[in-house]
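Structural characterization, general
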Amino acid sequence: MSTATEPVKPAYARVLVKVSGEALMGGEAFGLHWPTIERIAQDLVEARGTGAEVAVVVGGGNILRGASVAGQGLDRATADHMGMLATVMNALALEKALEQAGSPARTLSAIPMPTICEPYARQTASRHLERGRIVLLAGGTGNPFFTTDTGAVLRAAELECDAVLKATNVDGVYTADPKTDPTARRYERLTHDEALAKDLKVMDAAAFALAREAKLPIVVFSIREPGAIAAAVRGQGRATTVAP
Ligand code: UDP
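Residues numbered from 1 in each chain as written. Predicted model: local features only at pLDDT ≥ 70, side-chain atom pairs only at ≥ 80, totals over all residues. Heavy atoms only, no water.

If you look the chain up in an unreviewed UniProt entry, it shows as Uridylate kinase from Ancylobacter tetraedralis.

Here you go:
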(Lines give C-alpha, C1' and ligand atoms only; values in the text may rest on other atoms or scores of the structure.)
Protein backbone atom coordinates (compact mmCIF):
# COMPACT_ATOMS: atom_id res chain seq x y z
CA MET A 1 0.00 0.00 0.00
CA SER A 2 1.39 3.44 -0.85
CA THR A 3 1.77 6.08 1.83
CA ALA A 4 1.58 9.86 1.51
CA THR A 5 5.40 10.15 1.38
CA GLU A 6 5.88 7.62 -1.41
CA PRO A 7 5.82 8.98 -4.95
CA VAL A 8 2.74 7.84 -6.86
CA LYS A 9 3.71 5.63 -9.77
CA PRO A 10 2.66 6.74 -13.25
CA ALA A 11 -0.53 5.20 -14.58
CA TYR A 12 1.06 5.23 -18.05
CA ALA A 13 4.65 4.20 -18.86
CA ARG A 14 4.88 6.28 -22.05
CA VAL A 15 2.63 9.23 -22.77
CA LEU A 16 2.10 11.72 -25.52
CA VAL A 17 1.12 15.16 -24.21
CA LYS A 18 -0.71 17.39 -26.68
CA VAL A 19 -0.17 21.07 -25.85
CA SER A 20 -2.12 23.51 -28.00
CA GLY A 21 -0.35 26.58 -29.31
CA GLU A 22 -2.91 28.71 -27.49
CA ALA A 23 -1.73 27.31 -24.16
CA LEU A 24 1.63 29.06 -24.76
CA MET A 25 0.04 32.51 -25.08
CA GLY A 26 -0.86 32.80 -21.40
CA GLY A 27 -3.24 35.74 -21.21
CA GLU A 28 -1.89 37.32 -24.40
CA ALA A 29 -3.75 37.43 -27.70
CA PHE A 30 -0.88 36.11 -29.80
CA GLY A 31 2.53 34.48 -29.64
CA LEU A 32 4.67 33.25 -26.80
CA HIS A 33 4.24 34.18 -23.12
CA TRP A 34 7.54 33.13 -21.60
CA PRO A 35 6.40 32.74 -17.94
CA THR A 36 3.61 30.44 -19.16
CA ILE A 37 6.05 28.42 -21.27
CA GLU A 38 8.32 28.08 -18.22
CA ARG A 39 5.39 26.86 -16.12
CA ILE A 40 4.38 24.28 -18.76
CA ALA A 41 8.03 23.16 -19.01
CA GLN A 42 8.12 22.71 -15.21
CA ASP A 43 4.93 20.65 -15.43
CA LEU A 44 6.43 18.46 -18.15
CA VAL A 45 9.62 17.94 -16.11
CA GLU A 46 7.45 16.97 -13.13
CA ALA A 47 5.55 14.53 -15.36
CA ARG A 48 8.85 13.01 -16.51
CA GLY A 49 9.82 12.83 -12.81
CA THR A 50 7.05 10.29 -12.20
CA GLY A 51 9.12 7.83 -14.26
CA ALA A 52 6.95 8.00 -17.37
CA GLU A 53 8.52 8.63 -20.78
CA VAL A 54 7.15 11.89 -22.16
CA ALA A 55 6.65 12.89 -25.80
CA VAL A 56 4.98 16.21 -26.62
CA VAL A 57 3.13 17.39 -29.71
CA VAL A 58 2.76 21.14 -29.71
CA GLY A 59 0.26 23.07 -31.82
CA GLY A 60 0.69 26.39 -33.58
CA GLY A 61 -2.59 28.21 -33.08
CA ASN A 62 -0.91 31.01 -31.06
CA ILE A 63 0.94 32.02 -34.21
CA LEU A 64 -0.94 30.79 -37.28
CA ARG A 65 -3.71 28.38 -38.26
CA GLY A 66 -3.81 27.47 -41.92
CA ALA A 67 -7.59 27.50 -42.22
CA SER A 68 -7.75 31.04 -40.78
CA VAL A 69 -5.28 32.63 -43.20
CA ALA A 70 -6.06 30.66 -46.39
CA GLY A 71 -7.94 32.59 -49.07
CA GLN A 72 -7.31 35.83 -50.96
CA GLY A 73 -4.58 34.22 -53.05
CA LEU A 74 -3.05 32.10 -50.29
CA ASP A 75 -3.96 28.48 -50.97
CA ARG A 76 -4.77 26.14 -48.11
CA ALA A 77 -1.77 23.83 -48.55
CA THR A 78 0.68 26.77 -48.37
CA ALA A 79 -1.19 28.22 -45.38
CA ASP A 80 -0.98 24.84 -43.65
CA HIS A 81 2.76 24.66 -44.37
CA MET A 82 3.03 28.00 -42.58
CA GLY A 83 0.98 26.60 -39.69
CA MET A 84 3.30 23.62 -39.39
CA LEU A 85 6.29 25.98 -39.28
CA ALA A 86 4.58 27.78 -36.39
CA THR A 87 4.54 24.49 -34.45
CA VAL A 88 8.32 24.21 -34.95
CA MET A 89 8.83 27.68 -33.45
CA ASN A 90 6.76 26.67 -30.42
CA ALA A 91 8.64 23.39 -30.01
CA LEU A 92 11.99 25.20 -30.07
CA ALA A 93 10.77 27.60 -27.36
CA LEU A 94 9.55 24.70 -25.23
CA GLU A 95 12.79 22.78 -25.80
CA LYS A 96 14.79 25.73 -24.46
CA ALA A 97 12.47 26.09 -21.46
CA LEU A 98 12.74 22.36 -20.71
CA GLU A 99 16.54 22.54 -20.78
CA GLN A 100 16.46 25.55 -18.46
CA ALA A 101 14.14 23.58 -16.16
CA GLY A 102 16.77 20.86 -15.98
CA SER A 103 15.52 18.24 -18.43
CA PRO A 104 17.25 17.06 -21.57
CA ALA A 105 14.90 17.63 -24.51
CA ARG A 106 15.00 17.12 -28.26
CA THR A 107 12.86 18.60 -31.03
CA LEU A 108 12.12 16.29 -33.95
CA SER A 109 10.35 17.83 -36.91
CA ALA A 110 8.08 16.07 -39.40
CA ILE A 111 9.36 18.61 -41.93
CA PRO A 112 13.13 18.07 -42.09
CA MET A 113 15.13 21.16 -41.18
CA PRO A 114 18.34 19.60 -39.94
CA THR A 115 20.19 22.82 -39.18
CA ILE A 116 17.55 23.63 -36.55
CA CYS A 117 16.42 20.30 -35.12
CA GLU A 118 16.44 16.59 -35.86
CA PRO A 119 14.17 15.20 -38.56
CA TYR A 120 11.44 12.97 -37.18
CA ALA A 121 12.05 9.25 -37.36
CA ARG A 122 10.20 6.76 -35.21
CA GLN A 123 13.36 4.96 -34.09
CA THR A 124 15.11 8.22 -33.16
CA ALA A 125 12.12 9.37 -31.13
CA SER A 126 11.90 6.04 -29.32
CA ARG A 127 15.60 6.05 -28.52
CA HIS A 128 15.44 9.57 -27.04
CA LEU A 129 12.44 8.55 -24.94
CA GLU A 130 14.20 5.43 -23.65
CA ARG A 131 17.15 7.64 -22.65
CA GLY A 132 14.90 9.84 -20.55
CA ARG A 133 14.73 12.86 -22.83
CA ILE A 134 11.50 14.77 -23.32
CA VAL A 135 10.79 14.58 -27.05
CA LEU A 136 9.07 17.48 -28.79
CA LEU A 137 7.38 16.38 -31.99
CA ALA A 138 7.05 19.40 -34.24
CA GLY A 139 5.48 19.95 -37.65
CA GLY A 140 2.29 17.98 -36.94
CA THR A 141 1.87 15.10 -39.38
CA GLY A 142 4.03 16.92 -41.95
CA ASN A 143 1.02 17.15 -44.27
CA PRO A 144 -1.45 19.95 -44.95
CA PHE A 145 -5.17 19.50 -44.22
CA PHE A 146 -4.43 17.89 -40.86
CA THR A 147 -4.21 19.25 -37.32
CA THR A 148 -1.75 18.72 -34.52
CA ASP A 149 -4.43 16.66 -32.73
CA THR A 150 -4.15 14.17 -35.58
CA GLY A 151 -0.37 14.45 -35.38
CA ALA A 152 -0.58 13.70 -31.66
CA VAL A 153 -2.67 10.57 -32.10
CA LEU A 154 -0.57 9.40 -35.05
CA ARG A 155 2.69 9.76 -33.13
CA ALA A 156 1.20 8.21 -29.99
CA ALA A 157 0.07 5.19 -32.00
CA GLU A 158 3.38 4.68 -33.80
CA LEU A 159 5.49 5.28 -30.67
CA GLU A 160 3.23 2.85 -28.75
CA CYS A 161 2.31 5.41 -26.12
CA ASP A 162 -0.14 4.26 -23.48
CA ALA A 163 -2.25 7.42 -23.69
CA VAL A 164 -2.66 10.81 -25.31
CA LEU A 165 -2.91 13.48 -22.62
CA LYS A 166 -4.79 16.35 -24.20
CA ALA A 167 -4.07 19.53 -22.27
CA THR A 168 -6.82 22.08 -22.93
CA ASN A 169 -8.49 25.04 -21.25
CA VAL A 170 -11.31 22.86 -19.90
CA ASP A 171 -10.97 20.12 -17.29
CA GLY A 172 -12.62 17.40 -19.36
CA VAL A 173 -15.43 16.50 -21.70
CA TYR A 174 -18.88 17.86 -20.75
CA THR A 175 -22.45 16.95 -21.61
CA ALA A 176 -22.77 20.50 -23.02
CA ASP A 177 -20.60 23.63 -23.24
CA PRO A 178 -19.90 24.50 -19.57
CA LYS A 179 -19.26 28.15 -20.54
CA THR A 180 -22.83 28.62 -21.76
CA ASP A 181 -24.82 25.84 -20.05
CA PRO A 182 -24.80 25.81 -16.21
CA THR A 183 -26.34 22.30 -16.17
CA ALA A 184 -23.40 20.82 -18.11
CA ARG A 185 -21.83 17.81 -16.35
CA ARG A 186 -18.29 16.50 -16.78
CA TYR A 187 -17.81 12.88 -17.80
CA GLU A 188 -15.30 10.96 -15.69
CA ARG A 189 -14.96 8.13 -18.19
CA LEU A 190 -16.30 7.35 -21.64
CA THR A 191 -15.63 4.81 -24.34
CA HIS A 192 -14.67 6.00 -27.83
CA ASP A 193 -17.98 4.61 -29.09
CA GLU A 194 -19.98 6.51 -26.46
CA ALA A 195 -18.19 9.76 -27.31
CA LEU A 196 -18.94 9.18 -30.98
CA ALA A 197 -22.60 8.23 -30.38
CA LYS A 198 -23.12 11.33 -28.20
CA ASP A 199 -21.30 13.48 -30.78
CA LEU A 200 -18.93 14.84 -28.11
CA LYS A 201 -16.08 16.87 -29.54
CA VAL A 202 -13.06 15.28 -27.86
CA MET A 203 -10.74 15.95 -30.78
CA ASP A 204 -11.29 16.70 -34.46
CA ALA A 205 -12.92 13.88 -36.42
CA ALA A 206 -9.75 12.57 -38.14
CA ALA A 207 -7.79 12.51 -34.86
CA PHE A 208 -10.62 10.84 -32.97
CA ALA A 209 -11.18 8.19 -35.66
CA LEU A 210 -7.50 7.26 -35.49
CA ALA A 211 -7.53 7.07 -31.68
CA ARG A 212 -10.58 4.82 -31.80
CA GLU A 213 -8.99 2.59 -34.42
CA ALA A 214 -5.74 2.34 -32.42
CA LYS A 215 -7.70 1.81 -29.14
CA LEU A 216 -5.70 4.67 -27.69
CA PRO A 217 -6.91 6.24 -24.43
CA ILE A 218 -7.33 10.04 -24.50
CA VAL A 219 -7.19 11.96 -21.23
CA VAL A 220 -8.67 15.47 -21.48
CA PHE A 221 -7.66 17.87 -18.70
CA SER A 222 -6.98 21.55 -18.04
CA ILE A 223 -3.42 22.80 -18.32
CA ARG A 224 -4.29 25.91 -16.28
CA GLU A 225 -3.65 24.18 -12.95
CA PRO A 226 0.08 23.90 -12.19
CA GLY A 227 1.06 20.22 -11.86
CA ALA A 228 -1.87 19.09 -14.02
CA ILE A 229 0.27 17.18 -16.52
CA ALA A 230 2.01 15.13 -13.81
CA ALA A 231 -1.38 14.46 -12.20
CA ALA A 232 -2.73 13.17 -15.52
CA VAL A 233 0.33 10.92 -15.92
CA ARG A 234 -0.41 9.50 -12.47
CA GLY A 235 -4.05 8.96 -13.42
CA GLN A 236 -5.10 11.63 -10.91
CA GLY A 237 -6.67 15.08 -11.08
CA ARG A 238 -9.84 16.34 -12.74
CA ALA A 239 -10.08 14.88 -16.22
CA THR A 240 -12.17 12.85 -18.59
CA THR A 241 -10.66 9.58 -19.80
CA VAL A 242 -11.87 8.23 -23.12
CA ALA A 243 -10.78 4.62 -23.32
CA PRO A 244 -12.02 1.34 -24.84
N1 UDP B 1 -1.00 21.75 -39.55
C2 UDP B 1 -1.02 20.99 -40.72
N3 UDP B 1 -0.82 19.63 -40.63
C4 UDP B 1 -0.64 19.00 -39.45
C5 UDP B 1 -0.66 19.77 -38.27
C6 UDP B 1 -0.84 21.14 -38.34
O7 UDP B 1 -1.18 21.52 -41.79
O8 UDP B 1 -0.46 17.78 -39.46
C9 UDP B 1 -1.11 23.23 -39.64
C10 UDP B 1 -2.54 23.72 -39.79
O11 UDP B 1 -2.53 24.85 -40.61
C12 UDP B 1 -2.89 24.12 -38.37
C13 UDP B 1 -1.57 24.67 -37.86
O14 UDP B 1 -0.59 23.83 -38.47
O15 UDP B 1 -3.92 25.07 -38.32
C16 UDP B 1 -1.41 24.69 -36.38
O17 UDP B 1 -1.82 23.47 -35.81
P18 UDP B 1 -3.14 23.35 -34.91
O19 UDP B 1 -4.22 24.24 -35.46
O20 UDP B 1 -3.47 21.93 -34.74
O21 UDP B 1 -2.60 23.97 -33.54
P22 UDP B 1 -3.35 24.12 -32.13
O23 UDP B 1 -4.81 24.38 -32.39
O24 UDP B 1 -3.15 22.85 -31.38
O25 UDP B 1 -2.62 25.27 -31.48
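Observations regarding the sheet that holds strand β3 (residues 105-109)
The mixed open sheet is built from 9 strands, whose spatial order is β4-β3-β5-β2-β1-β6-β8-β9-β7. Looking at strand neighbours, the two that pair on one side only are β4 (118-119) and β7 (189-190), the edges of this open sheet. As judged from the 5 bridges shared by strand β1 (residues 14-19) and strand β6 (residues 163-168), these two strands associate in the parallel manner. Bridge pairing in β6 links Val15 to Ala163. Where helix α5 (residues 148-158) meets the sheet, its contacts fall on β1, β2 (53-58), β5 (134-138) and β6, and the angle it forms with β1 comes to roughly 175°. (Pairing = 2+ DSSP bridges. Helix = DSSP H or I, 4+ residues; strand = E, 2+ residues; numbered from the N terminus. Contact = heavy atoms within 4.5 Å. Axes fitted to C-alpha atoms, helices over the stretch in contact; angles between N-to-C directions.)

Looking at the layout of surface pockets
Of the voids in this model, the largest pocket is the one considered here, and its volume is about 1,100 Å³. Around the largest pocket, the lining comprises 46 residues; the ones closest to its centre are Lys18, Arg65, Asp149, Lys166 and Asp204. When residues of the lining of the largest pocket are traced back to their parent elements, those giving at least two are α2 (66-69), α3 (76-100), α5 and β6. Among the elements that line the lining of the largest pocket, the one with the most residues is α3, at 5 residues. Across the lining of the largest pocket, the residue classes tally to 16 nonpolar, 18 polar and 12 charged. (1 Å grid on protein atoms, 1.4 Å probe; cavity = no way out; pocket = protein on both sides within 12 Å on 5 of 7 lines; lining within 4 Å. Points joined across faces, edges and corners; volume = space filled by probe spheres on them. Nonpolar A, V, L, I, M, F, W, Y, C, P; charged D, E, K, R; others polar.)

Observations regarding the packing of aromatic side chains
Considering all chains together, one arrives at 0 aromatic pairs under this definition. When the ring centre of Tyr120 is taken as reference, the NZ or CZ atom of Arg155 above it lies at 3.7 Å. (Phe/Tyr/Trp six-rings, centres within 6.5 Å; stacked < 30°, edge-to-face > 60°. Lys NZ or Arg CZ within 6 Å of the ring centre and 35° of its normal.)

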